[in-house]
Amino acid sequence: MEKSLRSSAGLFVLALILAACQASASSSPSESAAATGAVDPVAACEALELGCVEVPAGEPLTVASALAITGAVAFLGNDANFGIQVAQEERGQVLGRDVEVIHEDAGCGDAASGQTAAESIVANPAILGVMGTTCSRTAVPMMPVLEAAGLTNISPSNTAVSLTQPGHANYGGEFYFRTAYSDFFQGSAVAKFLCEELGVTTIATIHDGSPYAEELQQVAVDQFAEQCDGETTSQDGINVGDTDFHALLTTIAANSPEVIFLPIFSPEGPLFVTQSQEIPGLADTIMFGADGVKDGAMIKGAGDLAQEIGMYFSGPDLNYGGRYIDEFLPAYYALSGTETVLAPYGGQAYDAYNILMDAIVAAHVGDDADGTSYFSKEAIREYVAGLTDYPGLTGTLTCDENGDCGAREISIDQLEDGVFVPVFSTREP
Amino acid sequence: MRRPARISLVNLLLWALGGGIILFVAVGSWLTLQQGLLTFEDWRSLVIFGVTQGSIYALIALGYTLVYGVLLMINFAHGDVFMFGAMTSFFVADALAQAGFLNSNPIIGMVIVVAVSAVSAMIVALILERIAYRPLRRAPRLVPLITAIGASLFISNSVRGLYGELARAWPRIDSLVGTVDIAGIPFLKTQVVVIVGAILMMVFLYWFVERTRTGRAMRAVSENKDTAALMGIDVDRTIVITFAIGGILAGVAGVLYGIVFNQVHWFMGFLPGIKAFTAAVLGGIGNIIGAMLGGVSLGVLESIAPTLLLTGFGVPTPNQLKDVVAFTVLVLVLIFRPYGLFGRPEGK
């Protein structure tokens, strides 16, 4: 209530200022505007509620990434960073300026690290926009800080449903966007596959307490019940950093589910799969991971075993076609020095970077006599919010009113000769 | 002069707390067993899993306890010495497995893996002592503690920088796949190797500390460094040996970890390190038998307690509360026996 009052008061003031500007512009144009033959960017920025980011002549355009680049899932953040770097090198200068990406570490396991990254980003007035976070958990504390500073954020890999649910405690707010899909689509696709392709009737699920895992397994459970009356025998949890899952596996086995759905990360995921084969009651149980383990860490950690037991993995459909295979991947491999992608979100990070750059170009208010460029923070947000049919690397992207911009194509893969091979693909409406 | 014992409020509260816990444990266990979800065989295998995990904790815990014994400091980087041993064991075992040697000569292969890992973990422990701790021997007690945390981050991130951040799959040894019956109870072969290996290391350590001259020197230094020096004991050398033994035990624990969990990564030292430290405190820090029993009890507790105590009360995800249960026990032990289960009050 108080917030809406305040913002409507703000709008009223803004309207007054705009009206005043319009009046003065029509009656007597200011001197500097007349001198440059365009709108005076300083005055235009003063009229904006959120103001502008100023980039002095000769300085680069600065954006920030806030990903998990240390800690147990550092490969997830590094994967996205390689995607950003590929886009950065390919795109080169923007508006005749170099682009500098400041890489902040938002971590993954600990929500506080998201806040720390956000604080250091807003402390730098040169930053135009943000790409982050890796994990949904760290986006939750980061977004209020960025929103207060008027900074637009595009996440390449947050998939938790609640981040784009207005009214939910985890809702990312008006400055939050993502090029990753919401897990509602992933969970539905998993349920569809369980019902229609595997024809199973009982599952058990595991999560690690993160919004991503907890919400994804819940969507899968709900959809499994809705789509084919499937029964869930248990929804247990682990902790990030646990190594011994034998006790948990023994209790899961007591209910003999046909499938265990484990949307967790590495290294817990591979450990869980390895140990499941040591429990007699789970010999025929199908292991089913999600995008948190659809990566090189899983292949290195338990790839042979996962292939042997025919484990399934849901995640973004990486069949993005020619541009991804012919241009993006070679550039990515050249940067990373690897032969497979570290994680499946490099493409989404590539799109996030390009959308952000387009937004910055669109939000260019003008330059003053010294060559300083002015960029409207609000216009950056508006550009991204209004994104429609954008030809991204990962598909045709359109941002909905809650910040969901990602392509909704999910594939379910199995490992063949150490490579993820799709066995099922879906596009949800 | 003795004063007659008086019942204080604190004592009353403690008794109430103790009674409450016993009631909670009894009711929780009874309710869980009433549900009959797990069979007797399931519970038995949970205990065996717990003992296996606990044996690894115990080997790491010995390193904490030995160093605490002689230096009265917590070597927080010890978990990363263990990680270094495990990573080394991966590279050796993987190379031997690629060459086919590990499967054709499993015993000689394992001896090589254990020897290389133990020695390299020992070298890391020695470097640590020389660079990070010895210069601070006379500094206030908090200083080496902070250095230890720094050293821990340094070691783990160096390994990450050298070998990357992805987890590596420790090779499977064909002759260790499957189960073996001992007294009618099925054990995984890997569990037998781990439990027997840990027992051998502990017996060796006990013999070393109790029966050799160097062991006697270690005990003397742990009693009183200055007096030991006056008695002609080379204190520096004894401390170096203590670190070396801690490193060897951590290296062996790293190999055993690889055998059980088939996976190693640069971050793996942290949590087992904390758990082993907990085990050492549980058993009474500075006490060797205490560290061994503390490690095994912590492992068993983690394995059975969440399911046994919480399922009955309808807690939906008991295993997620595994650490809560383990650390609650630690807190309780420290409330009722501040010097641990087998320790002795300081200054006595």
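Treat the numbers as computed from the prediction; the structure is a model and nothing was measured.

Rules behind the numbers
- Residues numbered from 1 in each chain as written.
- Chains lettered and ligands numbered in written order.
- Predicted model: local features only at pLDDT ≥ 70, side-chain atom pairs only at ≥ 80, totals over all residues.
- Heavy atoms only, no water.
- Helix = DSSP H or I, 4+ residues; strand = E, 2+ residues; numbered from the N terminus.
- Buried < 20%, exposed > 50% of the residue type's maximum accessible area, 1.4 Å probe, protein only.
- Areas by Shrake-Rupley, 256 points an atom, 1.4 Å probe, with all protein chains shown as cover.
- Lys, Arg positive; Asp, Glu negative; His and termini not counted.
- Charge placed at Lys NZ, Arg CZ, Asp CG, Glu CD.
- pLDDT = per-residue confidence, 0-100.
- Core = buried A, V, L, I, M, F, W, Y, C linked by side-chain atoms within 4.5 Å.
- Contact = heavy atoms within 4.5 Å.
- Pairing = 2+ DSSP bridges.
- Axes fitted to C-alpha atoms, helices over the stretch in contact; angles between N-to-C directions.
- Phe/Tyr/Trp six-rings, centres within 6.5 Å; stacked < 30°, edge-to-face > 60°.
- Expected span 1.5 Å × (residues − 1).
- Polar contact = N/O pair within 3.5 Å; in protein donor to acceptor, adjacent residues only side chain to side chain.
- Buried area = accessible area lost by both parts, 1.4 Å probe.
- Salt bridge = Lys/Arg side-chain N within 4 Å of Asp/Glu carboxyl O.
- Nonpolar A, V, L, I, M, F, W, Y, C, P; charged D, E, K, R; others polar.
- Disulfide = S-S within 2.5 Å.

K.L.:
I keep staring at the overall build of chain A and nothing clicks. Help me out?
P.N.:
Along its length, chain A carries 14 helices and 17 strands. Within chain A, the proportion of its 429 residues that are buried is 59%. In the structure as shown, chain A presents an accessible area of about 16100 Å², 52% of it carried by carbon and sulfur atoms. In chain A, 14 positive and 59 negative side-chain charges are present, and the distance between their average locations comes to 5 Å.

K.L.:
I keep staring at the confidence of the model for chain B and nothing clicks. Help me out?
P.N.:
Low pLDDT marks regions whose predicted coordinates should not be analysed in detail. Of the residues in chain B, 97% have a pLDDT of 70 or more, and the chain-wide mean is 88. With pTM at 0.77, the complex prediction returns an ipTM value of 0.78.

K.L.:
How should the nonpolar core be read in this particular structure?
P.N.:
Nonpolar side chains tend to gather and get buried jointly when the protein is soluble and globular. Ile206, Leu262 and Phe272 of chain A together with Ile56, Leu59, Leu62 and Trp170 of chain B are the most contacted members of the largest nonpolar core, which has 121 residues in total. The element contributing the most residues to this core is helix H2 (residues 40–71) of chain B, with 16 residues. Not counting residues within four places of it along the chain, the set of residues in contact with phenylalanine 272 of chain A comprises Ile206, Phe245, Leu248, Leu249, Ile252, Ile260, Leu262 and Met287 of chain A. Membership of the second largest hydrophobic core comes to 74 residues, among which are Ile84, Tyr332 and Cys399 of chain A together with Leu166 of chain B.

K.L.:
Teacher, can you tell me more about the sheet that holds strand S4 (residues 127–132) of chain A here?
P.N.:
Strands in a sheet are paired, the pairing made by backbone hydrogen bonds, and the direction either parallel or antiparallel. All names here are of chain A. Taking strand neighbours across the sheet as the criterion, the five strands line up as S3-S2-S4-S5-S6 in an open arrangement whose pairing is parallel. Here the strands that pair on one side only, and so sit at the sheet edges, are strand S3 (99–105) and strand S6 (176–178). For this sheet the average axis-to-axis angle between neighbouring strands, irrespective of direction, equals 25 degrees. Here strand S2 (residues 61–67) runs beside S4; their pairing, made up of four bridges, is parallel.

K.L.:
Help me out: how do you make sense of the sheet that holds strand S12 (residues 364–367) of chain A in this one?
P.N.:
Residue and element names in this part refer to chain A. With antiparallel pairing, three strands are arranged side by side in an open sheet as S1-S13-S12. Where the open sheet ends on each side, the last strands, each with one partner, are strand S1 (52–55) and S12. Here the average twist between neighbouring strands, direction ignored, is 20 degrees. Pairing between S12 and strand S13 (residues 373–376): three bridges, direction antiparallel. Note that in S13 the partner of histidine 364 across the bridge is phenylalanine 375.

K.L.:
Would you mind going over the packing of aromatic side chains with me for this structure?
P.N.:
Residue and element names in this part refer to chain A. Per the counting criterion, the structure on display carries 27 aromatic pairs over all chains. Here phenylalanine 193 and tyrosine 312 contribute two aromatic rings whose centre-to-centre distance is 5.1 Å and whose plane-to-plane angle is 65 degrees, an arrangement assigned as edge-to-face. Separated by 119 residues along the polypeptide, phenylalanine 193 in helix H7 (residues 183–198) and tyrosine 312 in strand S11 (residues 312–316) bring together distant segments of the chain. Just as phenylalanine 193 is buried, tyrosine 312 falls in that class too. With a centroid separation of 4.9 Å and an interplanar angle of 80 degrees, the aromatic rings of phenylalanine 313 and phenylalanine 420 are classed as edge-to-face. Of this pair, phenylalanine 313 sits in strand S11 while phenylalanine 420 is found in strand S17 (residues 419–427), placing the two residues 107 residues apart along the sequence. Judged by relative accessible area, phenylalanine 313 falls into the buried class, the value being 0%.

K.L.:
Explain helix H10 (residues 235–261) of chain B to me, please; I cannot follow it from the model alone.
P.N.:
Residues lying three or four places apart along an α-helix face the same way, a consequence of the helix completing one turn every 3.6 residues. All names here are of chain B. In a regular helix each residue adds 1.5 Å, so 27 residues correspond to 39 Å; H10 covers 38 Å between its end C-alpha atoms and thus fits that length. Among the 27 residues in H10, 23 count as buried, and that is most of the element. Taking the backbone nitrogen of aspartate 236 as reference, a side-chain oxygen 3.3 Å away marks aspartate 234 as the first, capping residue of H10.

K.L.:
Help me understand the confidence of the model for chain A, please; the structure alone is not making it clear to me.
P.N.:
In this model, chain A carries a mean pLDDT of 88, and residues with pLDDT of at least 70 account for 90%. For the stretch residues 1–5 of chain A, pLDDT sits under 50, and the model shows zero contacts to residues farther than four places along the chain or on other chains.

K.L.:
Would you take a moment to explain the environment of isoleucine 21 of chain B for this structure?
P.N.:
One can find isoleucine 21 of chain B in helix H1 (residues 9–35). On a C-alpha basis, the gap between isoleucine 21 of chain B and leucine 332 of chain B in space is 9.4 Å, while along the polypeptide they are 311 residues apart.

K.L.:
Just to check I follow, could you spell out the interface of chain B and chain A for this structure?
P.N.:
The extent of an interface is frequently quoted as the accessible surface area lost upon association of the parts. Each side of the interface is counted separately: chain B has 33 residues, and chain A has 38 residues. Between chain B and chain A the total buried area reaches about 3000 Å² when both faces are included, carbon and sulfur atoms providing 57% of it. Counting across the interface, chain B meets chain A through zero salt bridges. Sorting the residues of the side of chain B that touches chain A by element identifies H2, strand S1 (168–169), H10, helix H12 (288–310) and helix H13 (322–336) of chain B as the ones contributing at least two each. When grouped by side-chain class, the residues that make up the side of chain B that touches chain A number 16 nonpolar, 10 polar and seven charged.

K.L.:
Would you mind showing me how to read the state of the cysteines here?
P.N.:
In protein structure, a disulfide is the covalent linkage between the sulfur atoms of two cysteines. All names here are of chain A. Tallied over the entire structure, the rule returns four disulfides over all chains. What pairs with cysteine 45 in a disulfide is cysteine 52, and their sulfur atoms sit 1.9 Å apart. Across the S-S bond of cysteine 45 and cysteine 52 the torsion is about -85 degrees, and the bridge reads as left-handed. The burial state of cysteine 45 is the same as that of cysteine 52; both residues are buried. Assigning the bonded cysteines of chain A consecutive numbers by sequence position, one obtains the connectivity 1-2, 3-4, 5-6, 7-8.

K.L.:
Mind showing me how you'd approach the pattern of salt bridges here?
P.N.:
For side chains bearing opposite charge, pairing can occur when the charged atoms are close. Taken as a whole, this structure holds 11 salt bridges over all chains when the rule is applied. A salt bridge links aspartate 404 of chain A to arginine 178 of chain A; the shortest N-O distance between them is 2.7 Å. With aspartate 404 of chain A in the loop between strand S15 (395–397) and strand S16 (409–416) and arginine 178 of chain A in strand S6, the pair connects residues that are 226 residues apart, well separated along the chain. In this structure, aspartate 404 of chain A and arginine 178 of chain A share a single accessibility class: buried. A salt bridge links lysine 275 of chain B to aspartate 323 of chain B; the shortest N-O distance between them is 3.1 Å. One end of the pair, lysine 275 of chain B, is in helix H11 (residues 270–283); the other, aspartate 323 of chain B, is in helix H13, and 48 residues separate them in sequence.

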